[in-house]
Amino acid sequence: MDYNAFIKQIDDFYAAGRFDELGTYYRGATRFEEAIRFFQLAIDDLAKTSGRKSLEYATAVNNLGGAFRMSGQYDSARRCFTEMTAIYAEYKDKNPMLYASGINNLALLDLACKDYEKAIPALEKALQIMSRFPQFQWEQATTLCNLGICMLRTGRLEKAEQDLLRARSMIASMPESRQGHLGAIWSALGELYLEQNDEKKALKAFEAARATILKHYGKNKDYENMEGMIRKLTADQPPLPPEE
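A short tour of the structure in this document, coming up. Because the structure is predicted, anything quoted here is derived from the model rather than measured. (Residues numbered from 1 in each chain as written. Predicted model: local features only at pLDDT ≥ 70, side-chain atom pairs only at ≥ 80, totals over all residues. Heavy atoms only, no water.)

Structural notes on the nonpolar core
Soluble globular proteins tend to bury their nonpolar side chains together. Counting residues in hydrophobic clusters, the biggest one holds 46 residues, and the most contacted among them are Leu147, Cys150, Ile185 and Leu189. Of all elements in the fold, only helix H5 (96–112), helix H6 (116–130), helix H7 (137–153), helix H8 (157–172), helix H9 (182–195), helix H10 (199–217) and helix H11 (221–234) reach the threshold of two or more residues within this core. Here this core takes nine residues from H6, the largest share from any one element. Counting 25 residues, the second largest nonpolar core, distinct from the first, contains Ala16, Ala35, Tyr88 and Leu106. (Core = buried A, V, L, I, M, F, W, Y, C linked by side-chain atoms within 4.5 Å. Buried < 20%, exposed > 50% of the residue type's maximum accessible area, 1.4 Å probe, protein only. Helix = DSSP H or I, 4+ residues; strand = E, 2+ residues; numbered from the N terminus.)

Written out as structure tokens, the structure reads:
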């Protein structure tokens, strides 16, 4: 290989890493237009340096798909996740968790599009793979939560409760820094209890969700949603008697 071409390839590879970091930063800041631009630059560089069948390329495509999904560009996200999962499938014997993450991301997209019946078998397949790796308990728990939400949306309340309670137990056993997802689990349980006409349990669940979200994420949109649910459930309740 020509020396100058070799050096350029190295430069392109490290540039891709920098572009990916910038994309991740802007995605976290919800500046999706900038995130998409930098992720695309990373993909272009990795296509030249690592090839379109490499894990590095697939991961960059996955990151771009995440930015598309978060910005509501679901068709573009699906193209990215489909390409990424096909590449990960080629490595599934050596690294099955990557393949599971690809399946899971496609299922999350189905969930966002409210295609719950399509998401359910994909989530179940991802869980089947994840269950072989106890070190990935957090990933299992969040996937189980998503499955529970799909079961809830399709009226399978008993299965939904089983999945959500199991996910809650798994997350609650982890270090506090990894317990932020309890907010989503408690919120889904609140919806479930409302479907079961148990407003008392629903209120407790929404209060737990609000407290968890506040602790881990501050007063964001999800916190405001929990505030709204709590106000709705307490609006018609008589005030508590004054303490003596």
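Things to note about the pattern of salt bridges
Taken as a whole, this structure holds ten salt bridges when the rule is applied. Of the charged contacts, one joins glutamate 90 and lysine 53 as a salt bridge, the two residues approaching to 3.8 Å between their closest N and O atoms. In this pair, glutamate 90 is assigned in the loop between helix H4 (74–89) and H5 and lysine 53 in the loop between helix H2 (32–49) and helix H3 (55–70), connecting sequence segments 37 residues apart. The residues glutamate 90 and lysine 53 share a single accessibility class, namely exposed. (Salt bridge = Lys/Arg side-chain N within 4 Å of Asp/Glu carboxyl O.)

Considering the packing of H7 against H9
One way to put it is that H7 packs onto H9 with a least axis distance of 10 Å and a crossing angle of 20°. Here H7 lies roughly parallel to H9, going by the angle between them. Where H7 crosses over H9, the two elements pack in a sense that is left-handed. Counting all contacts with H7, which are made through Cys145, Ile149, Leu152 and Arg153, the residues of H9 involved are Ile185, Ala188, Glu191, Leu192 and Glu195. Grouping the constituent residues of the contact of H7 with H9 by class yields six nonpolar, no polar and three charged. (Axes fitted to C-alpha atoms, helices over the stretch in contact; angles between N-to-C directions. Parallel < 35°, antiparallel > 145°, perpendicular 65-115°, else oblique. Left-handed = near helix turned anticlockwise from the far one by under 90°. Contact = heavy atoms within 4.5 Å. Nonpolar A, V, L, I, M, F, W, Y, C, P; charged D, E, K, R; others polar.)

Quick word on the environment of leucine 123
Within the secondary structure, leucine 123 sits in helix H6. In sequence terms leucine 123 and alanine 202 are 79 residues apart; their C-alpha atoms lie 26 Å from each other. Apart from residues no more than four positions distant in its own chain, leucine 123 is found in contact with Asn104, Ala107, Thr143, Asn146, Leu147 and Cys150.

Here we look at the side chain of threonine 212
Here threonine 212 shows up in helix H10. With relative accessibility at 12%, the residue threonine 212 sits in the buried group. Within the structure, the side chain of threonine 212 is placed 2.8 Å from the backbone oxygen of alanine 208, a separation counted as a polar contact. Contact partners of threonine 212, with chain neighbours within four places excluded, come to Gln179, Gly180, Leu182, Gly183 and Trp186. (Polar contact = N/O pair within 3.5 Å; in protein donor to acceptor, adjacent residues only side chain to side chain.)

Looking at the packing of H2 against H3
The interhelical angle for the contact between H2 and H3, taken along N-to-C directions, is 165°, at an axis separation of 9 Å. Comparing the axis directions of H2 and H3 gives the class roughly antiparallel. Where H2 crosses over H3, the two elements pack in a sense that is left-handed. From H2, Phe32, Ala35, Ile36, Phe39, Gln40, Ile43, Leu46 and Ala47 reach across to H3, where they touch Glu56, Tyr57, Ala60, Val61, Asn63, Leu64, Ala67, Phe68 and Met70.

Focus: unusual backbone geometry
Positioned with a positive phi, lysine 114 is a non-glycine residue whose angle comes to about 65°. Structurally, the position occupied by lysine 114 is in the loop between H5 and H6. One non-glycine residue, asparagine 197, lies in positive phi territory at about 60°. Its place among the elements puts asparagine 197 in the loop between H9 and H10.

Description of the packing of aromatic side chains
Enumeration according to the criterion identifies four aromatic pairs in this entry. With centroids separated by 5.7 Å and ring planes inclined at 5°, the aromatic side chains of tyrosine 26 and phenylalanine 38 adopt a geometry described as stacked. In this pair, tyrosine 26 sits in helix H1 (residues 3–28) while phenylalanine 38 sits in helix H2, placing the two residues twelve residues apart along the sequence. Owing to a relative accessible area of 15%, phenylalanine 38 belongs among the buried residues under this scheme. Three or more aromatic residues joined by ring pairs form one cluster here, namely Phe19, Tyr25, Tyr26 and Phe38. Of note, arginine 37 hangs over the ring of phenylalanine 38, and the distance from its end group to the ring centre comes to 5.4 Å. (Phe/Tyr/Trp six-rings, centres within 6.5 Å; stacked < 30°, edge-to-face > 60°. Lys NZ or Arg CZ within 6 Å of the ring centre and 35° of its normal.)

Just geometry here; none of it tells us what the structure is for.
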